[in-house]
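Okay, here's what each chain looks like letter by letter:
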Amino acid sequence: QVQLVESGGGLVQAGGSLRLSCAASGSIFGLNTMGWYRQAPGNQRELVARISSIGSTTYAESVKGRFTISRDNAKNTVFLQMDNLKPEDTAVYYCNLEIRWRSSNYWGQGTQVTVSS
């Protein structure tokens, strides 16, 4: 049983910043990848950023240089610092936890990020 709870979404103007947090609880294994995905109306869910348990990161090209993903393994928490937000960043952001060697994949409920022009 794993639960992911996101927080930090909201409404900001273009150029502003938000910091998303996702805390995982339950049967968490050390070897995992946590990440953020987003889905805007009419679009498919897409990867924003992810980070492995040893700190390797992957970013979508559209957010490179603006977003930073990090994690606190002791607290089973992943963060997404979003700077210089653009209207096209508007979406529901979902936290993800993947334990590939166990074929386990978990999702948070999502948090809305809205960037006004």
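The structure presented is a predicted model; accordingly, all values stated were derived computationally and were not measured.

*Asks:* Run through the sheet that holds strand S1 (residues 2-7), naming residues and quoting values.
*Replies:* Within a sheet, adjacent strands bond to each other through the backbone by hydrogen bonds, running parallel or antiparallel. Here we have 4 strands laid out as an open sheet, ordered S1-S3-S8-S7, and antiparallel in their pairing. Of all strands in the sheet, those with a lone pairing partner are S1 and strand S7 (67-72), marking the two edges. With strand direction ignored, the average angle separating the axes of adjacent strands in the sheet is 15 degrees.

*Asks:* For the pairing of strand S8 (residues 77-82), give the residues involved together with the corresponding values.
*Replies:* In the case of a regular strand, side chains alternate between the two sheet surfaces. Most of S8 sits out of view: 5 of its 6 residues are buried. Sheet topology note: the strand S3 (residues 18-26)/S8 ladder contains 6 bridges and is antiparallel. The residue of S8 that forms the bridge with Cys22 is Val78. Linking S7 to S8, which pair antiparallel, is a turn of 4 residues; within it Asn76 sits at a positive phi near 50 degrees.

*Asks:* Residue-level account of the packing of aromatic side chains, with values.
*Replies:* Aromatic ring pairs are described here by two measures, namely the spacing of the ring centres and the angle between the planes. Applying the stated criterion across every chain, the model contains 2 aromatic pairs. Ring centres of Phe29 and Trp101 lie 5.4 Å apart, and the angle between their planes is 85 degrees; this geometry places the pair in the edge-to-face category. Here Phe29, found in the loop between S3 and strand S4 (33-39), pairs with Trp101, found in the loop between strand S9 (91-99) and strand S10 (104-107); they are 72 residues apart in sequence, far enough to count as distant. Under the relative-accessibility criterion, Phe29 is labelled partly exposed at 30%. When its relative accessible area of 51% is taken as the criterion, Trp101 is described as exposed. Arranged with centres 5.0 Å apart and planes meeting at 70 degrees, the rings of Tyr37 and Trp107 form a pair that is edge-to-face. In this pair, Tyr37 sits in strand S4 while Trp107 sits in strand S10, placing the two residues 70 residues apart along the sequence. Take Tyr37: its relative accessible area is 15%, and that puts it in the buried class. Judged by relative accessible area, Trp107 falls into the partly exposed class, the value being 30%.

*Asks:* Describe the state of the cysteines, listing the residues and the values that go with them.
*Replies:* This model, assessed by the stated rule, comprises 1 disulfide. The partner cysteine of Cys22 in its disulfide is Cys95, sulfur to sulfur 2.0 Å. The disulfide joining Cys22 to Cys95 has a torsion of about -85 degrees about its S-S bond and is therefore left-handed. Taken as a pair, Cys22 in strand S3 and Cys95 in strand S9 lie far apart in primary sequence, 73 residues in all. Each member of the pair, Cys22 as well as Cys95, is classed as buried.

Basis of the calculations
Residues numbered from 1 in each chain as written. Predicted model: local features only at pLDDT ≥ 70, side-chain atom pairs only at ≥ 80, totals over all residues. Heavy atoms only, no water. Pairing = 2+ DSSP bridges. Helix = DSSP H or I, 4+ residues; strand = E, 2+ residues; numbered from the N terminus. Axes fitted to C-alpha atoms, helices over the stretch in contact; angles between N-to-C directions. Buried < 20%, exposed > 50% of the residue type's maximum accessible area, 1.4 Å probe, protein only. Phe/Tyr/Trp six-rings, centres within 6.5 Å; stacked < 30°, edge-to-face > 60°. Disulfide = S-S within 2.5 Å.

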